[in-house]
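Listed below are the residues making up each chain.
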Amino acid sequence: MNKNLKTYLLLGVVLLIWSIIGFKLINTLSKEPEVPTIQQPISAVPKSIKTRDTFELIANYRDPFLGTLPATKKKPKKKVVRKEKVEKRNIVYAGLVSQSESGRSMFFVSIEGRQHMMSERQKIEGVTLVKGNGKSITVRYDGHTETILLQ
């Protein structure tokens, strides 16, 4: 085989391979219109639910190691604790004044529209000031504790 024949033969093979690749690429890019399929309505039939058969193991046989019968465990009755709804009182925290020498703070607290100066652990109109800082106070009334932010 001479040199030109080999070159033309290899050129033909390369063109054949590239034409196959190009043909596949063009077929994938050009989509043909899809034929619409007609769906038939599906009838939904619910499956019947089978109830499970329940059982309980009663293991009241003699302990093989101790030789005793197991004691029956009694479940204690749980006490239902119902919290009584405490009527929320109108309490507003307005600010505080600190004494630099003693370090005591007096808090301006408005209870039901009337303003009071309170210190910690002081009780006015059934409201006890538990603790406080510059941002919030904690008060207790009718057994209910509430944190009130600075207004």
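Structure first, text after, so check above.
Residues numbered from 1 in each chain as written. Predicted model: local features only at pLDDT ≥ 70, side-chain atom pairs only at ≥ 80, totals over all residues. Heavy atoms only, no water.

Caption draft 1: Structural context of the overall build of the chain. Scanning the chain for helices and strands turns up one helix and seven strands. For the chain, the α and β elements follow one another from N to C terminus as α-β-β-β-β-β-β-β. The C-alpha atoms of the chain give 44 Å as radius of gyration, which overshoots the globular expectation for 151 residues (15 Å, by more than 25%). Judged by the C-alpha coordinates and their principal axes, the chain covers about 115 × 70 × 50 Å. A total of 151 residues make up the chain; the buried ones form 14% of that total. Summing over all exposed atoms, the chain offers an accessible surface of approximately 15,000 Å²; the carbon and sulfur share of this is 58%. (Helix = DSSP H or I, 4+ residues; strand = E, 2+ residues; numbered from the N terminus. Rg over C-alpha atoms; globule rule 2.2 N^0.38 Å. Buried < 20%, exposed > 50% of the residue type's maximum accessible area, 1.4 Å probe, protein only. Areas by Shrake-Rupley, 256 points an atom, 1.4 Å probe, with all protein chains shown as cover.)

Caption draft 2: Summary view of the sheet that holds strand E7 (residues 144-149). Taken in spatial order, the four strands make up an open sheet running E4-E5-E6-E7, and their pairing is antiparallel. In this open sheet, the two edge strands, each paired with only one partner strand, are strand E4 (123-124) and E7. Sheet analysis places strand E5 (residues 127-132) next to strand E6 (residues 136-141), joined by four bridges and oriented antiparallel. Within the sheet, the bridge partner assigned to Leu129 lies in E6 and is Val139. (Pairing = 2+ DSSP bridges.)

Caption draft 3: Quick look at the sheet that holds strand E2 (residues 105-111). Spatially, three strands are ordered E1-E2-E3 in an open sheet, and the strand pairing comes out antiparallel. Each edge of the open sheet is held by one strand with a lone partner, namely strand E1 (91-98) and strand E3 (114-118). The mean angle between the axes of side-by-side strands here comes to 20°, regardless of whether they run parallel or antiparallel. Taken together, the seven bridges between E1 and E2 define a ladder with antiparallel strand orientation. Among the inter-strand pairings, Tyr93 is bridged to a residue of E2, identified as Val109. (Axes fitted to C-alpha atoms, helices over the stretch in contact; angles between N-to-C directions.)

Caption draft 4: Local environment of unusual backbone geometry. One non-glycine residue, Glu125, adopts positive backbone phi at about 55°. Here the phi dihedral of Asp142 falls at roughly 50°; this positive angle occurs in a residue that is not glycine. Inspection of the secondary structure puts Asp142 in the loop between E6 and E7.

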